Amino acid sequence: RHDILTHALQRVNDEGWTEDAIATGTLDAGLPPSYIGQASSATSPFGSADLVAFFMEECNKNLGRQLMEENNVRQEQGGNVTGSTVESVSLRINKA
């Protein structure tokens with residue numbers, strides 16, 4: 001599932017947030033055409049909404065890692081928490 005959605009994200013610019021992007025992502029992940037439409041979550045086959053949710057999850061994970069790295073650097077340099085909060089909020093808004 002992760003591999004399919006990761007590859008599907010690379011197709012969003014061309015195919016949009018669609019099930020076509022997921023189908024192409026399935027093939028790009030090296031899976032046979034018979035897997036198209038067969039991948040599923042715990043409750044149902046996944047579709048474009050799952051692609052959007054996956055994108056948001058990945059963005060939040062990347063943001064969390066970046067903020068943690070910046071916080072570690074700031075602590076090593078003796079930076080203040082207020083500046084960190086302002087920069088974190090600004091970074092989140094700009095990544096939206």
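The structure contained in this document is the topic of the report that follows. (Residues numbered from 1 in each chain as written. Predicted model: local features only at pLDDT ≥ 70, side-chain atom pairs only at ≥ 80, totals over all residues. Heavy atoms only, no water.)

### Focus on the overall build of the protein chain
Part 1: What the protein chain contains, in helices and strands, is five helices and zero strands.
Part 2: The order of α-helices and β-strands along the protein chain, N terminus first, is α-α-α-α-α.
Part 3: Expressed as a percentage of its 96 residues, the buried residues of the protein chain come to 20%.
Part 4: Looking at the protein chain as shown, the accessible area adds up to about 6500 Å², and 52% of this sits on carbon and sulfur atoms. (Helix = DSSP H or I, 4+ residues; strand = E, 2+ residues; numbered from the N terminus. Buried < 20%, exposed > 50% of the residue type's maximum accessible area, 1.4 Å probe, protein only. Areas by Shrake-Rupley, 256 points an atom, 1.4 Å probe, with all protein chains shown as cover.)

### Considerations on the packing of helix α1 (residues 2–9) against helix α3 (residues 19–28)
Part 1: In the contact formed by α1 and α3, the axes pass within 7 Å of each other and the chain directions differ by 115 degrees. In terms of orientation, α1 and α3 fall into the roughly perpendicular class. Taken as a pair, α1 and α3 cross one another with a handedness that is right-handed. Contacts between α1 and α3 pair Ile4, Leu5, His7 and Ala8 from the former with Ala21, Ile22, Gly25, Thr26 and Asp28 from the latter.
Part 2: For the contact of α1 with α3, the residue count by class is five nonpolar, three polar and one charged. (Axes fitted to C-alpha atoms, helices over the stretch in contact; angles between N-to-C directions. Parallel < 35°, antiparallel > 145°, perpendicular 65-115°, else oblique. Left-handed = near helix turned anticlockwise from the far one by under 90°. Contact = heavy atoms within 4.5 Å. Nonpolar A, V, L, I, M, F, W, Y, C, P; charged D, E, K, R; others polar.)

### Describing the environment of Thr18
Part 1: Assignment of secondary structure puts Thr18 in the loop between α2 (12–15) and α3.
Part 2: The spacing of Thr18 and Leu51 is 33 residues in sequence and 8.1 Å in space, taken between C-alpha atoms.
Part 3: The residues touching Thr18, leaving out its near neighbours within four places in the chain, are Ser48 and Leu51.
Part 4: A polar contact is formed between the side chain of Thr18 and the backbone nitrogen of Asp20, at a distance of 3.3 Å. (Polar contact = N/O pair within 3.5 Å; in protein donor to acceptor, adjacent residues only side chain to side chain.)

### A word on the pattern of salt bridges
Part 1: Scanning the entire structure with this criterion turns up three salt bridges.
Part 2: Linking Glu58 and Lys61 is a salt bridge whose minimum nitrogen-to-oxygen distance equals 3.5 Å. Residue Glu58 and its partner Lys61 are located together in helix α4 (residues 48–76), separated by three residues, close to a single helical turn.
Part 3: Looking at Glu58, the relative accessible area reads 19%, which means it is buried.
Part 4: Overall, the relative accessible area of 44% leaves Lys61 in the partly exposed class. (Salt bridge = Lys/Arg side-chain N within 4 Å of Asp/Glu carboxyl O.)

### Section: α4
What sets the pattern is the α-helix's 3.6 residues per turn: residues three or four places apart point alike.
Part 1: The terminal C-alpha atoms of α4 lie 42 Å apart, and with 29 residues this matches the ideal 42 Å at 1.5 Å per residue to within 8%.
Part 2: Buried within α4 we find Leu51, Phe54, Glu58, Leu63 and Arg74.
Part 3: A positive backbone phi angle near 75 degrees is found at Gly78, which sits one or two residues after α4. (Expected span 1.5 Å × (residues − 1).)

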